[in-house]
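Chain by chain, the residues run as shown.
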Amino acid sequence: MSSETPDPTAQRKDDHIRLAMAQHAPQTVRDYDHVRFVHHALAGGDRDAVDLASPALGWPVPLYVTGMTGGTAQAAEINRGLGVVARETGLPVACGSMGIVLRQPEVAESFTVLRRENPDGFVMANTNANVTGAQAARIVEIMGADALQVHVNAAQETAMPEGDRDFSHWRDNIAAIVEAVGVPVIAKEVGAGLSRGTVAALRDAGVAGVDLAGRGGTDFSAIESARRTDSGRAYLAGWGQSSVASLLEVAGLARVGSDGGVALLASGGVRHPLDVVRALALGADAVGVAGQFLHVLTTAGVDALVGLLHEWLAEIADLMALLGARDVVGLRETDVLVTGPLREYAELRGVDLTAYARRSPWSRA
């Protein structure tokens with residue numbers, strides 16, 4: 001393919017990077033701001049006794065770098081940086097969708113650089129729900145992946161000019177992918193959240209985890225609308241629910257490490273360590289970040305992002321000590337107040353928010 005006629009998929013991936021960066025606005029009010037902890041002045045614990053291990057997939061920390069990009073020279077440089085960052089911090093890391101590799105094997109290096117720079121870390125490959133089980137297994141093999149993210153993105157596809165319009169086979173495809181690959185499969189939204197019924201269906205399809213990936217972070221429906229020559233479908237911006245809303249909705253479903261359930265991962269709109277702790281307290285096993293980390297990587301470099309992640313992990317541990325939680329599961333015993341529009345959503349979905357506000361021993365005194 002000549003330089004005068006760039007591959008449309010590669011062009012789309014570079015467009016995604018550019019438009020995602022333009023959306024970066026960490027001060028925007030999000031559903032996380034409607035989640036508050038009840039402060040108990042004597043509840044605090046020992047910072048040195050805090051265990052940051054995640055209940056999900058044997059991860060050493062409850063923080064991960066979620067999938068972003070791949071398939072172009074620009075994307076390769078981003079993935080190289082993310083590989084170094086993951087190696088230096090111990091964070092699990094994912095790449096962007098690898099479907100292009102099945103059509104253009106020559107671009108595989110733009111993804112596998114993530115593994116080359118992080119040979120011993122936890123690396124996740126990524127694909128869409130349209131691939132066959134054999135194709136998914138091939139993607140895992142190419143990456144040398146420890147897990148496979150399968151993204152479900154009907155709202156994005158609907159906004160995309162060249163997007164899919166048939167989503168009826170996704171559930172069966174995901175079940176076939178689970179059967180075909182030899183690594184855990186994580187079903188992932190891309191900015192619209194997952195409902196309780198969806199998570200239950202994915203659990204029954206055999207996935208090891210779900211990434212709720214809710215509204216509030218990178219808005220791919222808005223990105224795809226901006227890519228249209230007529231800027232149509234702009235009304236799809238903000239479609240779906242936040243990861244915080246999704247966490248409240250899926251509470252009580254089978255959990256990892258208990259009765260063979262799914263790991264609950266939350267990403268989308270995370271701005272700082274307090275957002276991470278909020279999501280963990282609402283039931284997430286680990287919390288993913290993309291846009292915030294991409295902004296630091298592309299504007300300040302690898303060393304700056306490594307330093308930031310070490311700071312985040314230290315601050316997460318500090319907040320856990322403040323709340324008296326010795327580990328991630330202990331955060332689920334803290335008292336949490338849910339207010340504002342998030343409360344309205346939860347109540348309409350039948351969630352008992354009073355139970356969250358009175359979980360700790362300090363509320364039973």
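See the structure shown above.
Since the model is a prediction, treat every value here as computed from it, not as a measurement. (Residues numbered from 1 in each chain as written. Predicted model: local features only at pLDDT ≥ 70, side-chain atom pairs only at ≥ 80, totals over all residues. Heavy atoms only, no water.)

## Looking at unusual backbone geometry
Phi angles above zero are rare outside glycine, and L57 is one such case at about 55 degrees. On the secondary structure map, L57 appears in the loop between β1 (35-37) and β2 (63-65). For L57, a relative accessible area of 23% corresponds to the partly exposed category. Positive phi, close to 40 degrees, is recorded for A213, a residue that is not glycine. Within the secondary structure layout, A213 lies in the loop between β7 (209-211) and α9 (220-227). (Helix = DSSP H or I, 4+ residues; strand = E, 2+ residues; numbered from the N terminus. Buried < 20%, exposed > 50% of the residue type's maximum accessible area, 1.4 Å probe, protein only.)

## Notes on the pairing of strand β4 (residues 123-128)
Both faces of the sheet carry side chains from a regular strand, because those side chains alternate between them. Across the 6 residues of β4, 5 count as buried, placing the element largely inside the fold. Where β4 lies against strand β5 (residues 147-151), 5 bridges are found, and the strand directions are parallel. Counted as the bridge partner of N126 is Q149 from β5. Handedness of the crossover joining β4 and β5 through helix α5 (residues 133-143) is recorded here as right-handed. (Pairing = 2+ DSSP bridges. Right-handed = clockwise from strand over helix to strand, strands pointing away.)

## So, the side chain of D335
Here D335 is to be found in the loop between α13 (302-323) and β10 (336-338). Buried charge without a partner: D335 forms no salt bridge, and the closest opposite charge is R359, 5.6 Å away. For D335, the side chain forms a polar contact with the main-chain nitrogen of R359, separated by 2.6 Å. For D335, the residues in contact, after removing those within four places along its chain, are R36, F37, V38, H40, Y356, A357, R358, R359, S360 and S363. (Lys, Arg positive; Asp, Glu negative; His and termini not counted. Salt bridge = Lys/Arg side-chain N within 4 Å of Asp/Glu carboxyl O. Polar contact = N/O pair within 3.5 Å; in protein donor to acceptor, adjacent residues only side chain to side chain. Contact = heavy atoms within 4.5 Å.)

## Concerning the packing of helix α11 (residues 273-281) against α13
How two helices pack is summed up by the angle between their axes together with the distance between the axes. Across the interface, α11 lies against α13 with an axial gap of 9 Å and an inter-helix angle of 55 degrees. Considering their axes alone, α11 and α13 lie oblique with respect to each other. The handedness of the crossing between α11 and α13 is right-handed. Together, P273, L274, V276 and V277 of α11 and W312, E315, I316, L319 and L323 of α13 make up the contact between the two elements. Across the contact of α11 with α13, the residue classes tally to 8 nonpolar, no polar and 1 charged. (Axes fitted to C-alpha atoms, helices over the stretch in contact; angles between N-to-C directions. Parallel < 35°, antiparallel > 145°, perpendicular 65-115°, else oblique. Left-handed = near helix turned anticlockwise from the far one by under 90°. Nonpolar A, V, L, I, M, F, W, Y, C, P; charged D, E, K, R; others polar.)

## Quick word on the layout of surface pockets
In this structure, the second largest pocket encloses a volume near 430 Å³. Around the second largest pocket sit 22 residues that line it, and V152, W170, E189, L194 and T198 are the ones nearest its centre. Among the elements of the structure, α6 (154-159), α7 (170-180) and α8 (196-204) are those that each provide at least two residues to the lining of the second largest pocket. Per-element tally for the lining of the second largest pocket: the top contributor is α8, with 4 residues. (1 Å grid on protein atoms, 1.4 Å probe; cavity = no way out; pocket = protein on both sides within 12 Å on 5 of 7 lines; lining within 4 Å. Points joined across faces, edges and corners; volume = space filled by probe spheres on them.)

## Re the packing of aromatic side chains
Within the structure shown, the criterion is met by 4 aromatic pairs. Judged by centre distance (5.2 Å) and plane angle (65 degrees), the ring pair of F293 and W312 falls under edge-to-face. With F293 in helix α12 (residues 291-300) and W312 in helix α13, this residue pair connects regions lying 19 residues apart in the sequence. For F293, a relative accessible area of 0% puts it in the buried group. Here the aromatic residues W59, Y64 and F122 are joined through ring pairs into a cluster of three or more. (Phe/Tyr/Trp six-rings, centres within 6.5 Å; stacked < 30°, edge-to-face > 60°.)

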